[in-house]
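Remarks on the overall topology
Single-letter residue listing:
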Amino acid sequence: MNETEYTYAVARIRANELNLLSADDISQMINAPDKSSAERILADKGWDIPDGNQFFDLCERELDKAWKLISESVPSPELLEALVIGNDFSNLKAAIKCIFSSVDPKEYYVIPCITAPETITKAITQADFDILPEHLKAVAREAYSAVSKHQSGQLSESIIDRASLETKLAYAEKSGSPLLEKICGLSAAAANIKTALRCVSMGKTKEFALDSMCSCSLNNEELLENAESGEKTAEYLRTTEFDFLADSIKESFTAFEKFCDNRIASLIRETKYDIYGADPVAAYYFAKIAETKNARIILSAKASGVPADAISERVRDMYV
């Protein structure tokens, strides 16, 4: 696709970036006296805040608004589905877990997504996987079998998580966005690193660990061989293209995840002055993801009475 075909989309995105939360907005939320005060700051930035008679996830709604903006603006929305397709797999996981537990999965579904949650519910309830789109058919059948035949919810979730990462990578490759490919590649590698460390610490077999890890630019067998500890993994990572992750993985998973999020923020800031192609559009959506993560962290902390200093340590870097 010609890069100039995104000119209209980038113009709309740039206009909407004016409403992104700034570092000052985040600081005001952190120092707000309570959760309601923090929510008012979000409302001033155009966020929908539920009142006493409503219930919705305000962060999900913001991401859904962002995806609708992108879908309305770009010439071929399907090329950027890597941004949201992971939620299809989250909804599949919720459906299998809930339906086998005789619980309505509706309240556990997340948006935005590509596949209607009702379709996923019907497919799992009726074990009719052919009604699902291609990216969900095989994984739904395999994950369903893991629970129905092997009574292993852990195996089912592992199957879905791996398929989610590999699908996002595949969709990113066809997007025409180098930024989207780079971020999906980082996310896949980060997920494999955490999986390798968890599997070794829990005494899982090599076969289980490798089956749980997606295909990415890291050598999974070598990664697994060096997953005895964060320090050993860090030594291995220094020999790879992901050497920048080495120091954070030695600290903790929390530090590692925050570092990965901040790395993504750094990558999207590099597109700040781009005016052509899909990268500025993808960057906007990732900026919204970072924004909603911070909003969740702050609002949850405010509801629990966490002091401002402790909240500041948890928040991620911002795009603006």
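Residues numbered from 1 in each chain as written. Predicted model: local features only at pLDDT ≥ 70, side-chain atom pairs only at ≥ 80, totals over all residues. Heavy atoms only, no water.

Okay, unusual backbone geometry next. Going from I111 to P112, the amide bond is cis rather than trans, its omega being 0 degrees. Unusually for a residue other than glycine, S102 sits at a positive phi of about 60 degrees. Position of S102 among the secondary structure elements: in the loop between α5 (86–99) and α6 (117–126). For A127, which is not a glycine, the phi torsion comes out positive at approximately 50 degrees. Summarising the element assignment, A127 is placed in the loop between α6 and α7 (134–148). Classification of A127 by relative accessible area gives partly exposed; the value is 35%. (Helix = DSSP H or I, 4+ residues; strand = E, 2+ residues; numbered from the N terminus. Buried < 20%, exposed > 50% of the residue type's maximum accessible area, 1.4 Å probe, protein only.)

This next bit is on the nonpolar core. It is characteristic of soluble globular proteins that their nonpolar side chains tend to be buried jointly. Grouped together as the largest cluster of nonpolar side chains are 81 residues, with contacts concentrated most on L80 and L83. Element by element, the count of residues in this core is highest for helix α9 (residues 178–201), at 13 residues. With near-sequence residues (within four places) excluded, L80 lies in contact with Y6, W67, I70, V74, S175, L180, A278 and V281. Counting 21 residues, the second-largest nonpolar core is a separate cluster that includes A32, I41, L42 and I297. (Core = buried A, V, L, I, M, F, W, Y, C linked by side-chain atoms within 4.5 Å. Contact = heavy atoms within 4.5 Å.)

Within helix α3 (residues 35–44) the residues assigned to the buried category are S37, A38, E39, I41 and L42. Where α3 is buried, its residues contact α2 (23–30), α4 (58–73) and α15 (279–304). You can read the cap of α3 off the contacts: a side-chain oxygen lies 3.4 Å from the backbone nitrogen of S36, and it is on D34. Where α3 terminates, the next one or two residues include G46, which has phi positive at roughly 95 degrees. (Polar contact = N/O pair within 3.5 Å; in protein donor to acceptor, adjacent residues only side chain to side chain.)

One pass over the structure, following the stated rule, counts 22 salt bridges. In this structure, R61 and D48 form a salt bridge, with 3.9 Å as the shortest nitrogen-oxygen distance. Linking R61 in helix α4 with D48 in the loop between α3 and α4, this pair joins segments that are 13 residues apart in sequence. For the salt bridge of E166 with R162, the shortest nitrogen-to-oxygen distance reads 3.2 Å. Pair noted here: E166 and R162 are both in helix α8 (residues 153–173), with a separation of 4 residues, about one helical turn. Exposure remark for E166: the relative accessible area of 27% places this residue in the partly exposed category. Several salt bridges share partner residues, and in doing so they unite D48, R61, E62, K65, K288 and E291 into one network. (Salt bridge = Lys/Arg side-chain N within 4 Å of Asp/Glu carboxyl O.)

Everything listed is a geometric property; what it means functionally is a separate question.
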